[in-house]
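Spelled out, the chains give:
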Amino acid sequence: MRRYSFLHLAWQALRGNRGWRPAWRNAEPTSGYEVVIIGGGGHGLATAYYLAKNQGIRNVAVLERGAIGLGNSGRNTQVVRSNYFYPQSVAFFDHSLKLYEGLGRELNLNVMLSQRGVLNLAHSEHDMELQRRWCNAIRMSGVDSEWLTRDAIRALVPPLNLDGRFPVLGGFIQRRGGICRHDAVVWGYARAASSLGVDIVQSCEVTGFKFANGKVRAVATSRGIIGADKVVMSVAGYSSELARLAGIELPITTMALQAMVTEPVRPVLNTMVISGLVHAYVSQSDRGEIVIGGGADAYPSYAQRGGLPQMRDVVRAVVELFPSFSRLKMLRQWAGRVDITPDTSPIMGVTPIDGLFINCGWGTGGFKAIPAGGHTMAHTIATGTPHPLIESFGLDRFRTGALIDEGAAAGVAH
Ligand SMILES: Cc1cc2nc3c(=O)[nH]c(=O)nc-3n(C[C@H](O)[C@H](O)[C@H](O)COP(=O)(O)OP(=O)(O)OC[C@H]3O[C@@H](n4cnc5c(N)ncnc54)[C@H](O)[C@@H]3O)c2cc1C
C-alpha cells in the first residue's frame, strides 16, 4: 500500500494530481476463498481487514452487489459515541470508539474524527430522572459521561431555544463522542484490506447458498458459483431476504431511515445535539451544512427513500429547537434501508448452519460500530467462537429471551 503523507500530497499537487493510483484493487472473483463476506459496507470491509491483519487469513473476498459504501455506510449521519445503557453495549461500543480514535493512523487515511461531544437534551422532570440514570449507568461502566445544567447547555449551544415549546431543563454529554467521515472509513478499510490481499469484488450479487452435510460450501452469485469454507452475511437492510435464502428467519424489520442537510452556513454548532422527545438530532458538517436526522419511517419498507410525513415531523422539531434554522434552505435529503431488531441491539456471531456467520441488526446506529464489528467478527470467524465482547449479541438470544433492550439509547440517538 502506498502510504499517504504530507510530502506525497504536496508532490501530487505539483504534478496536477495526475499521479494518483486507485486506492484498492477492483478484483475479479476466483473460483473459491477461505472466507467470503457478503456486503461491501463498512462492516464487511472492516471484517475483511481484521481477518487479514489480526487473524492472518488473507484468502478472503468481499462480494458487493453494487459499489462499496453505497449502502447505509455511505448514507448515515456519521455520529460516533459509546453512551449506551447496558454494560454489554457500553463495552462493545466503547471498544469501537477507541478503535476510531486510532483509526486514521491505523489505516493511514484521515477519517476526520471530530470528538465534538454528543449532547442529549432533557425536556421534563421525567426526562431528567431517566437521563441521570442513563448518564450514571454509562459512568458505572467506566465510560465518560457528564451531566450538564441548563446554563451550561445555553453556553455550549448558543442557537438552541431553551424556553420554547420544548423547554430544555438539562442534559448529558459524552465529550469523546462526535462525528467521523463515513466515506473515509469505508475507503480506508477497503484500501487497507485490499493491500493485504483481500479481493473486493463489486457488481457481484449473492443470489443463493450451496450446502453439503449441513455445512456451507459456496455462494451462487450473479457472476457464477464461488466456493467458500466460511461465509459471512453483512448486508444490513437486506439481511432478512439474504438469510431466507439460507433457510434462516431473522427477527429483523427493514425500514427507511432518512437524513437531510441544509445549505452551508458559518460555524454555529460546535457539538452534536439530540432530543429524544422531539425525535431529532443535528450537527454541523465540516462544509457548514446543518445535518439533520430523526427516527425511521413508521412502517416497514425496502425502499431507499424516506416518506414526506417523517421528513416534515423532523424538520418541524428541529425548527422548534433551533428557530434560526427555519431560514435555511434544504439542500439534500436521502434515506437508507435499516435492519431493526426487537431489542434494537445488533445480531453478531454464528448461525445454526456450520460455517455461516452473521453481522446485522444495526438498525439506525451501526456506523459507530464498524471498527469493533469488524474486529470481533474476524475473531469469531477465525476461531469459530464468539468474541467475548459480542457473546451477548448472538442470534440465540431471541430463543433464550436474554434481550438487551437498548431502545431508549439506540432509538433516535443513532
Ligand atoms: C440516514 C441514516 C443515518 C444514520 N446515521 C447513523 C449515525 O449517525 N451513526 C451510526 O452509528 N449509524 C447510523 N446509521 C446506521 C449505519 O449507517 C448502519 O448501521 C451501518 O452503516 C451498517 O453498515 P453495514 O456495513 O452493515 O451495511 P451497509 O453499509 O448497508 O452495507 C451492506 C452492503 O451489502 C450489500 N448487499 C446487500 N445484499 C447483497 C447481496 N445479496 N450480495 C452482495 N451484496 C449485497 C449492499 O449493496 C450494501 O452495500 C444511519 C443510517 C441511515 C440510513
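Reading guide: rules and limits
- Residues numbered from 1 in each chain as written.
- Predicted model: local features only at pLDDT ≥ 70, side-chain atom pairs only at ≥ 80, totals over all residues.
- Heavy atoms only, no water.
- Core = buried A, V, L, I, M, F, W, Y, C linked by side-chain atoms within 4.5 Å.
- Buried < 20%, exposed > 50% of the residue type's maximum accessible area, 1.4 Å probe, protein only.
- Helix = DSSP H or I, 4+ residues; strand = E, 2+ residues; numbered from the N terminus.
- Contact = heavy atoms within 4.5 Å.
- Near = heavy atom within 4 Å.
- Polar contact = N/O pair within 3.5 Å; in protein donor to acceptor, adjacent residues only side chain to side chain.
- Areas by Shrake-Rupley, 256 points an atom, 1.4 Å probe, with all protein chains shown as cover.
- Nonpolar A, V, L, I, M, F, W, Y, C, P; charged D, E, K, R; others polar.
- Phe/Tyr/Trp six-rings, centres within 6.5 Å; stacked < 30°, edge-to-face > 60°.
- Lys NZ or Arg CZ within 6 Å of the ring centre and 35° of its normal.
- Patch = residues over 30% accessible without salt bridge, like charges linked within 9 Å, V, L, I, M, F, W, Y side chains within 5 Å.
- Salt bridge = Lys/Arg side-chain N within 4 Å of Asp/Glu carboxyl O.
- Lys, Arg positive; Asp, Glu negative; His and termini not counted.
- Charge placed at Lys NZ, Arg CZ, Asp CG, Glu CD.
- Pairing = 2+ DSSP bridges.
- Right-handed = clockwise from strand over helix to strand, strands pointing away.
- Axes fitted to C-alpha atoms, helices over the stretch in contact; angles between N-to-C directions.

### Considerations on the nonpolar core
Then comes step 1: Grouped together as the largest cluster of nonpolar side chains are 56 residues, with contacts concentrated most on Phe92, Val185 and Tyr189.
Then comes step 2: Secondary-structure elements contributing two or more residues to this core are β1 (32-38), α2 (42-54), β2 (60-63), α3 (87-101), α4 (103-107), α5 (125-140), α7 (182-195) and α10 (370-383).
Then comes step 3: Apart from the residues lying within four places of it in its own chain, the contact partners of Tyr189 are Leu45, Ala46, Tyr49, Tyr50, Leu103, Leu107, Ile370 and Pro371.
Then comes step 4: Judged by nonpolar contacts, the second largest core, of 29 residues, contains Tyr33, Leu250, Ile347 and Ile353.

### Looking at the site of the ligand
Then comes step 1: As a structural note, the neighbourhood of the ligand is formed by 39 residues, with Glu64, Asn72, Ser73, Thr77 and Lys368 the closest of them.
Then comes step 2: Here an oxygen atom of the ligand and a side-chain polar atom of Asn76 are 3.2 Å apart.
Then comes step 3: With respect to the ligand, the backbone of Val79 contributes an N or O atom lying 2.9 Å from an oxygen atom.
Then comes step 4: Contact with the protein chains covers 98% of the free accessible surface of the ligand, which is 1,000 Å².
Then comes step 5: Where the shell around the ligand is concerned, the elements lending two or more residues are α2, β12 (253-262) and β16 (330-340).
Then comes step 6: Of the residues assigned to the shell around the ligand, the class counts are 15 nonpolar, 19 polar and five charged.

### Details of the packing of aromatic side chains
Then comes step 1: One pass over the structure, following the stated rule, counts 14 aromatic pairs.
Then comes step 2: One aromatic cluster in this structure is built from Tyr84, Phe92, Phe93, Trp362 and Phe393.
Then comes step 3: Above the plane of the ring of Tyr4 lies Arg191, whose end atom (NZ or CZ) is 3.7 Å from the centre.
Then comes step 4: Residue placement shows Arg337 over the ring face of Tyr238; its charged tip is 3.9 Å from the ring centre.

### Here we look at a positive patch on the surface
Then comes step 1: A cluster of like positive charges, contributed by Arg2, Arg15, Arg18 and Arg21, occupies part of the molecular surface.
Then comes step 2: Among the secondary structure elements, Arg15 is positioned in the loop between α1 (6-14) and β1.
Then comes step 3: Its relative accessible area of 36% is what places Arg15 among the partly exposed residues.

### Considering the pairing of β1
Then comes step 1: Burial runs high along β1: five of the seven residues are buried.
Then comes step 2: Across six bridges, β1 lies against strand β11 (residues 224-233) in parallel orientation. Bridged to Ile37 within β11 is Val232.
Then comes step 3: Looking at chain direction, β1 and β2 are connected through four bridges and run parallel. Bridge pairing links Ile37 to Val62 in β2.
Then comes step 4: With α2 bridging β1 and its parallel neighbour β2, the resulting β-α-β unit is right-handed.

### A few points about the pattern of salt bridges
Then comes step 1: Tallying each qualifying case throughout the model produces 22 salt bridges.
Then comes step 2: The partner of Asp163 in a salt bridge is Arg150, and the shortest N-O contact between them spans 2.5 Å. You can see Asp163 sitting in the loop between α6 (150-156) and β6 (170-174) and its partner Arg150 sitting in helix α6, a full 13 residues away along the chain.
Then comes step 3: Among the residues examined, Asp163 registers a relative accessible area of 52% and is labelled exposed.
Then comes step 4: The exposure class of Arg150 is partly exposed, given its relative accessible area of 25%.
Then comes step 5: A single salt-bridge network, built from bridges that share partners, covers Asp94, Lys98, Glu101, Asp144 and Arg176.

### Topic: the sheet that holds strand β15 (residues 290-300)
Then comes step 1: The eight strands lie next to each other as β5-β6-β4-β13-β14-β15-β12-β16, forming an open sheet whose pairing is mixed. Whereas interior strands pair on both sides, the edge strands pair on one side only; in this sheet they are β5 (146-149) and β16. Taking each pair of neighbouring strands and ignoring which way they run, the sheet shows an average axis angle of 25°.
Then comes step 2: One ladder, built from five bridges, connects strand β14 (residues 280-284) with β15; its direction is antiparallel. Residue pairing in the sheet places Ser283 in a bridge with Val291 of β15.
Then comes step 3: The sheet contacts of α5 involve β4 (118-122), β5 and β6, and relative to β4 the element is tilted by about 150°.

Read these as geometric descriptors, not functional statements.
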